[in-house]
Amino acid sequence: MKPPLLLIGQGSNDDAYSAEFGRFVHRLRCRLDQTAVSGGYLQHATPLLGESVASLVARGHHRLVALPMSLGRAERDVAAAMALEQQRHPTLMYDGARPLGADPRLLALLADRLTEAAADISRPRPLELVGARPRLRAVESAPADEFPSHVEPGETAVVLVGEGSTDPDANAEIHRVSRLFWETHAYDYMTVETAFVSVTPPGVPGGLERCRRLGARRVIVVPYLLFAGGLLERVWAQALAYGAGHPELDIRCAEAIGDCEALADAVIERYEEALQLVP
């Protein structure tokens, strides 16, 4: 029997993130129908990692493959959390799967999200705040003459937005992804700038401002995030706030990568790589 796959999420208080993470775990269970697949969070949401590990051990699994569902550098957090689980369950052994990182499949998914956002350019869809929380949604009510009728790709810039970290290496990795994305999937655009949703500069407004100063007439914000949720909404909210003060700049926001088959392909590839380490 193959060891189970344990997907480890960072965790969020946001229901949208938890729901999409849960759907992705279910997708993996369907794809790997002969393998136990479980998901657990490091913090903020249930089931916590310890609960998922305890459930697997109770079902007789004493070796597993652990894969962090994060685009940042989560190896240290995951290693520390799994070390604690091994103290709780002395028979537990695990193999760490290679992080997702700048996988060609993920870069292609970012390109899909960019294409989807660019395809809506002929049909203006600005963002507005709705509800008490508030959340963001696209609306169709803006007059078409508020936006440039035709903008060449060379006049369109892209801002790729990562989470942001106190770890300089993690932030440098986002810059590397931006460059790879530009050269492999966005070479027709003016530039791909890097921004962060929190912790470290430049924020989303800083990335947008750089594009404006470079002469961009349109900017597409591409979140480098796996799932929808609070972080995605913060990216959109920052873009919305900047756009309110710069009506001459057409700003579009793409979706997160999201629960999809291509993301499952990347995860399964890492799982099968890790199995090669299992004697």
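Calculation criteria
Residues numbered from 1 in each chain as written. Predicted model: local features only at pLDDT ≥ 70, side-chain atom pairs only at ≥ 80, totals over all residues. Heavy atoms only, no water. Pairing = 2+ DSSP bridges. Helix = DSSP H or I, 4+ residues; strand = E, 2+ residues; numbered from the N terminus. Axes fitted to C-alpha atoms, helices over the stretch in contact; angles between N-to-C directions. Contact = heavy atoms within 4.5 Å. Expected span 1.5 Å × (residues − 1). Parallel < 35°, antiparallel > 145°, perpendicular 65-115°, else oblique. Nonpolar A, V, L, I, M, F, W, Y, C, P; charged D, E, K, R; others polar.

A.B. asks: Break down the sheet that holds strand β8 (residues 192–196) for me, citing the residues and quoting the values.
C.D. replies: Pairing is parallel in the open sheet, where 4 strands are placed in the order β8-β7-β9-β10. Edge strands, defined here as strands with exactly one partner in the open sheet, are β8 and β10 (250–253). Neighbour-to-neighbour, the strand axes of this sheet turn through a mean angle of 25°, independent of strand direction. Direction of pairing for strand β9 (residues 218–223) relative to β10: parallel, over a ladder of 4 bridges. Paired with valine 219 across the strands is isoleucine 251, a residue of β10. Against the sheet, helix α6 (residues 204–213) engages β7 (156–162), β8, β9 and β10, with an angle of about 160° to β7.

A.B. asks: Mind laying out helix α1 (residues 15–31), listing which residues take part and the relevant values?
C.D. replies: Given 3.6 residues per turn, any residue in an α-helix points the same way as the ones three and four places further on. Taking 1.5 Å as the rise per residue, α1 with 17 residues should run 24 Å; its terminal C-alpha atoms sit 24 Å apart, in good agreement. Residues of α1 that are buried in the fold lie against β1 (5–9), β2 (37–41) and α8 (261–275).

A.B. asks: Help me get a handle on the packing of helix α4 (residues 104–119) against α8, residues and values and all.
C.D. replies: Remark: α4 packs on α8, axes separated minimally by 9 Å, with the N-to-C direction vectors making an angle of 170°. Judged by the angle between their axes, α4 and α8 are roughly antiparallel. Every residue of α8 that contacts α4 at Arg105, Leu106 and Leu109 is listed here: Ala262, Leu263, Asp265, Ala266 and Glu269. Residue composition of the contact of α4 with α8, by class: 5 nonpolar, no polar and 3 charged.

These results come straight from atomic positions and should not be treated as a statement about function.
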